[in-house]
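# Fold and geometry: a report
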Number of protein chains: 2
Amino acid sequence: MSTPATPRNLPGRNRRVILSSRPVGIPQASHFTFDEASLESLAEGQFRVRNIYLSVDPAQRGWTNEGSNYSQPVPVGDVMRALAVGVIVESRHAEFPEGLHLYGWFGWQDYAVVGPQAVVTRIDVIQAPLSAYAGVLGINGLTAYLGLFKLGRPKAGDTILVTTAAGAVGSLVGQLAQARAFHVIGLAGDDAKFARCTSRFGYAAAANYKSADAASLLDRLVPDGIDVFFDNTGGDLLDQALRRMKTGGRIVQCGTAAVSQWSPTPTGLRAEREILTRRLIWSGLLVFDHSEDFPGALADLTGRIRSGMLHYEEDIVTGLLHAPGAIARLYDGRNNGKSLIYLGE
Amino acid sequence: MSTPATPRNLPGRNRRVILSSRPVGIPQASHFTFDEASLESLAEGQFRVRNIYLSVDPAQRGWTNEGSNYSQPVPVGDVMRALAVGVIVESRHAEFPEGLHLYGWFGWQDYAVVGPQAVVTRIDVIQAPLSAYAGVLGINGLTAYLGLFKLGRPKAGDTILVTTAAGAVGSLVGQLAQARAFHVIGLAGDDAKFARCTSRFGYAAAANYKSADAASLLDRLVPDGIDVFFDNTGGDLLDQALRRMKTGGRIVQCGTAAVSQWSPTPTGLRAEREILTRRLIWSGLLVFDHSEDFPGALADLTGRIRSGMLHYEEDIVTGLLHAPGAIARLYDGRNNGKSLIYLGE
């Protein structure tokens, strides 16, 4: 009947980042508070993960907002939903022993008590640095790989347009496309970023999409039209790109970073005539729908990293205190590459 | 060196419907004129088709307008592009003998001089009435069949929403869906039409989409959401249907009949968040992209007609004089079923 003892070798408290009010649009630091909770005891089949890298992802905006999304919004008062890389420090599950590193749904907190359903991948620490498993070998690499090849289905000679081309996903799409000799064009949100698109990320040409109106940018960059549009922004760029798609073109909707508010629903140029007359295929991408393809994609991505053929950038800050403002920082475009929060090994 | 003689048993003249000015939006009778031309002589490999049924199709609007479409616009001064059922009356091609009935690109005129590339299907007059080959066994049946099954890919238990549900395509989609036990809901443009959706065309429920605003109609008709949206209208109905698609839903864009003007481009509710968060797939359908699937689809459709399992309606007027106003009549919704112009056997 006594309270379970605090596990050995662990501090007795779990620092957590709590969603304290419901944002409309992009969550700011003021929408979060910190608390500290006692460590929960484990039920049979559970294990305790100590987080090492917390992931910061554009999708977290959608998880905090009311309304249409692919998952229920994070309840106000709950730990902020997040992917993370961590290590098992206590286990009541035979297949998940202490010391195993994992990537999964562990939240913005020091410790998570979870079962196997929260695990996305098991980490092989021999293959690549731990942080890579939260980005290039995690949601970002999988999104780039499966969005490009499975949904985009490029054919020889195709022109591929990518938005947020210097970001954690776009920087990989450019390199993966270049490696297979596609003509890949990037749009990024500032001058330093678009320069890296061509110098580091495989893009044949790139531009700062804030430097001119969407129509004239695209007239210059893709004068012969677009076969595959890998879109992370939505908005005007999407409206104009739709009008430049070639017959049979594929649009992969991976994000909507350029639309800051969805309530009330903003308007744009009607799309149905573009879809119909040039027989486009416009698909929404959530990488977790394609988990059966993860092993093949990760094997290819891991091989490319180990052979030095795939550059990836990480923007790492240390300490849980950085978490509340991290999503807004991402939408401001102040990160360079994959945004991570390091909590210590 | 003499002029070729007028073929035997033929009148010496070909009455033609000429596009005389470029419409913006829906072509009216005033955009056409009649002329009469001498019969051309045949080159080797050509044959002369005497038209029996001219087809009137919503797609003809797009063929007459400037701007984005899947084919070059009909030049002003040319015969109006159209599908038709006809019979070969003179031939210089061994595989296309005199007396053979064909469905193909023969234009709004009495006689067409064409080669094999203008032929869509060869007609077996034993299987079904001639007129059927211009509709249920022509572009309309193929569009319904391949749009529903190949692009829509319904699964057991799916809810399918169809616009212009009593039209030449929609009336077949309803029956094909019902025959495989899908829950199929129709929207039509007047009260008499929507009543026929449930009494004749297999729909579980239907409504006149002009009887209420799109949002409240859909709230009532598809309260649990839509798996497949077979859309012939575009516009507000599409905007509202997009917001009611279930995760993984498919939108088949087959027409845009509810949008009367595309210049300047009208605006509507932004779609990218709907596409992304519920991973929709929105595809444009032009049935001629899928010609490799025609034989299988036609075999199934022909079997259903011969066994009395597929109702189809035809709205036939007699005489070439009806052609110029026929497209506008279609967009006004004054036709009941497939619109054809009969020129005599």
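Residues numbered from 1 in each chain as written. Chains lettered and ligands numbered in written order. Predicted model: local features only at pLDDT ≥ 70, side-chain atom pairs only at ≥ 80, totals over all residues.

### Considerations on the overall build of chain A
Looking only at helices and strands, chain A has 9 helices and 16 strands in total. In terms of C-alpha radius of gyration, chain A reaches 21 Å, essentially the compact-globule figure of 20 Å for 345 residues. The C-alpha extent of chain A, read off along each of the three principal axes, is 70 × 45 × 35 Å. Across the 345 residues that make up chain A, the buried fraction comes to 49%. Summarising the internal contacts of chain A: among those between residues at least 6 apart in sequence, 65% fall at separations of at least 24. (Helix = DSSP H or I, 4+ residues; strand = E, 2+ residues; numbered from the N terminus. Rg over C-alpha atoms; globule rule 2.2 N^0.38 Å. Buried ≥ 20, exposed ≤ 12 C-beta atoms within 10 Å, placed from the backbone. Contact = placed C-beta atoms within 7 Å.)

### Remarks on the sheet that holds strand 10 (residues 205-208) of chain B
Strand order across the open sheet formed by 12 strands is 10(A)-9(A)-8(A)-11(A)-12(A)-14(A)-14(B)-12(B)-11(B)-8(B)-9(B)-10(B), with mixed pairing between neighbours. The outermost strands of the open sheet, each flanked by one partner alone, are strand 10 (205-208) of chain A together with strand 10 of chain B. Averaged over neighbouring strand pairs, the angle between their axes works out to 15 degrees when direction is ignored. Bridge count for strand 8 (residues 159-163) of chain B against strand 11 (residues 226-231) of chain B is 3 bridges, and the pairing is parallel. Its bridge partner being in strand 11 of chain B, Ile160 of chain B is matched across the sheet by Val228 of chain B. Of the strands in this sheet, strand 9 (183-188) and strand 10 of chain A are in contact with helix 4 (residues 191-199) of chain A, which crosses strand 10 of chain A at around 175 degrees. (Pairing = 2+ DSSP bridges. Axes fitted to C-alpha atoms, helices over the stretch in contact; angles between N-to-C directions.)

### Looking at the packing of helix 5 (residues 214-221) of chain A against helix 6 (residues 235-242) of chain A
All names here are of chain A. At their nearest, the axes of helix 5 and helix 6 sit 9 Å apart, and the two run at 50 degrees to each other. In terms of axis orientation, helix 5 runs oblique to helix 6. Along this stretch, helix 5 crosses helix 6, giving a crossing that reads as right-handed. Contacts between helix 5 and helix 6 involve Ala214, Ala215 and Leu218 on the former and, on the latter, Asp236, Leu237, Gln240 and Ala241. In the contact of helix 5 with helix 6, the residues fall into 5 nonpolar, 1 polar and 1 charged. (Parallel < 35°, antiparallel > 145°, perpendicular 65-115°, else oblique. Left-handed = near helix turned anticlockwise from the far one by under 90°. Nonpolar A, V, L, I, M, F, W, Y, C, P; charged D, E, K, R; others polar.)

### Considering the packing of helix 2 (residues 139-151) of chain B against helix 3 (residues 170-179) of chain B
Axis angle and axis distance: for two packed helices, these are the angle between their axes and the distance between the axes, and together they describe the pair. All names here are of chain B. At their nearest, the axes of helix 2 and helix 3 sit 9 Å apart, and the two run at 45 degrees to each other. Taken as axis vectors, helix 2 and helix 3 run oblique relative to one another. Of the two elements, helix 2 crosses helix 3, and the hand of that crossing is right-handed. Residues Asn140, Gly141, Ala144, Tyr145 and Leu148 of helix 2 lie in contact with helix 3, whose contacting residues are Leu172, Val173, Leu176 and Ala177. Within the contact of helix 2 with helix 3, the residues separate by chemical class into 7 nonpolar, 2 polar and no charged.

### Comments concerning the interface of chain B and chain A
Opposite the 33 residues of chain B that make contact, chain A presents 34 residues. Put simply, the parts of the chain that give the side of chain B that touches chain A at least two residues each are strand 12 (245-253), strand 13 (267-269), helix 7 (272-277) and strand 14 (281-284) of chain B. The element best represented in the side of chain B that touches chain A is helix 7 of chain B, accounting for 6 residues. Looking at the side of chain B that touches chain A residue by residue, the classes come out as 13 nonpolar, 13 polar and 7 charged. Strand direction decides the pairing type here: strand 13 (residues 267-269) of chain A and strand 13 of chain B, joined by 3 bridges, are antiparallel.

### A closer look at the relation of the copies chain B and chain A
By a simple turn and slide, chain B fits onto chain A: the slide is 0.0 Å along the axis, the RMSD is 0.0 Å, and the turn is 180 degrees. Seen this way, the second copy is the image of the first under a two-fold rotation axis. Distance from the rotation axis, computed per C-alpha, reaches its smallest value in chain B at Trp282 of chain B: 2.5 Å. The share of interface residues of chain B whose copies in chain A are also at the interface is 100%, consistent with both copies meeting through the same surface. (Least-squares fit on C-alpha atoms with pLDDT ≥ 70 in both.)

### Some words on helix 4 of chain A
All names here are of chain A. Of all the positions in helix 4, only Lys193, Phe194, Arg196 and Cys197 are classed as buried. For helix 4, the buried positions fall inside an angular range of 155 degrees around the axis, keeping them on one side. Exposed and facing more than 90 degrees away from the buried side of helix 4 are Asp191, Ala192 and Ser199. Tucked into the core, helix 4 has its buried residues touching helix 3 (170-179), strand 9 and strand 10. (Arc of directions from axis to C-beta.)

### A closer look at the domain arrangement of chain A
Residue and element names in this part refer to chain A. Each domain of chain A was delimited in the assignment, giving domain 1 (13-135 + 313-342) and domain 2 (139-288). Taking only C-alpha atoms into account, the centre of domain 1 sits 28 Å from that of domain 2. Contacts between domain 1 and domain 2 engage 14 residues on the former and 14 residues on the latter. (Domains from an automatic or database assignment.)

### Thoughts on the environment of Leu172 of chain A
Residues and elements named next belong to chain A. Mapping Leu172 onto the fold places it in helix 3. In this structure Leu172 comes out as buried when scored by C-beta crowding, with 29 C-beta atoms within 10 Å. If we skip the residues at most four places from it in the chain, Leu172 touches Val136, Asn140, Gly141, Ala144, Leu310 and Tyr312.

### As for the confidence of the model for chain A
Residues and elements named next belong to chain A. On average, residues of chain A score 93 in pLDDT, and 96% of them are at 70 or above. Considering only residues more than four positions removed or in separate chains, one finds that residues 1-9, a stretch of pLDDT under 50, has 5 contacts. Across the assembled chains, the prediction reports ipTM 0.87 with pTM 0.89. (pLDDT = per-residue confidence, 0-100.)

### Points about helix 6 of chain A
A large share of helix 6 of chain A lies buried, amounting to 6 of its 8 residues. For helix 6 of chain A, the set of buried residues is Gly235, Leu237, Leu238, Asp239, Ala241 and Leu242 of chain A.

### Quick look at the environment of Thr302 of chain A
Residue and element names in this part refer to chain A. Counting through the fold element by element, Thr302 comes out in helix 8 (residues 294-306). In the structure, Thr302 is positioned 170 residues away from Ala132 in sequence and 9.7 Å away in space, judged by C-alpha atoms. Leaving out residues up to four positions away in the same chain, Thr302 has contacts with Gln127, Ala128 and Leu137.

### Describing unusual backbone geometry
Following Ser263 of chain A, the chain continues into Pro264 of chain A via a peptide bond in cis, with omega recorded as 0 degrees. Position of Pro264 of chain A among the secondary structure elements: in the loop between strand 12 (245-253) and strand 13. Although it is not a glycine, Thr164 of chain B sits at a positive phi angle of roughly 45 degrees. Checked against the element boundaries, Thr164 of chain B lands in the loop between strand 8 and helix 3. The backbone phi angle of Arg279 of chain B is positive, close to 45 degrees, even though this residue is not glycine. Checked against the element boundaries, Arg279 of chain B lands in the loop between helix 7 and strand 14.

### Remarks on the pairing of strand 11 of chain B
Counting buried residues along strand 11 of chain B, 6 of its 6 residues qualify, which places the element largely inside the surrounding structure. You can see the chain leave strand 11 of chain B, run along helix 6 (residues 235-242) of chain B and come back into strand 12 of chain B, and the turn it takes is right-handed. (Right-handed = clockwise from strand over helix to strand, strands pointing away.)

### Regarding the environment of Tyr111 of chain B
Residues and elements named next belong to chain B. The topology assignment puts Tyr111 in strand 6 (residues 111-114). Separated by 113 residues in sequence, Tyr111 and Asp224 place their C-alpha atoms 52 Å apart. Those residues in contact with Tyr111 that lie beyond four places of it in its chain are Asn14, Leu39, Arg48, Val49 and Arg50.

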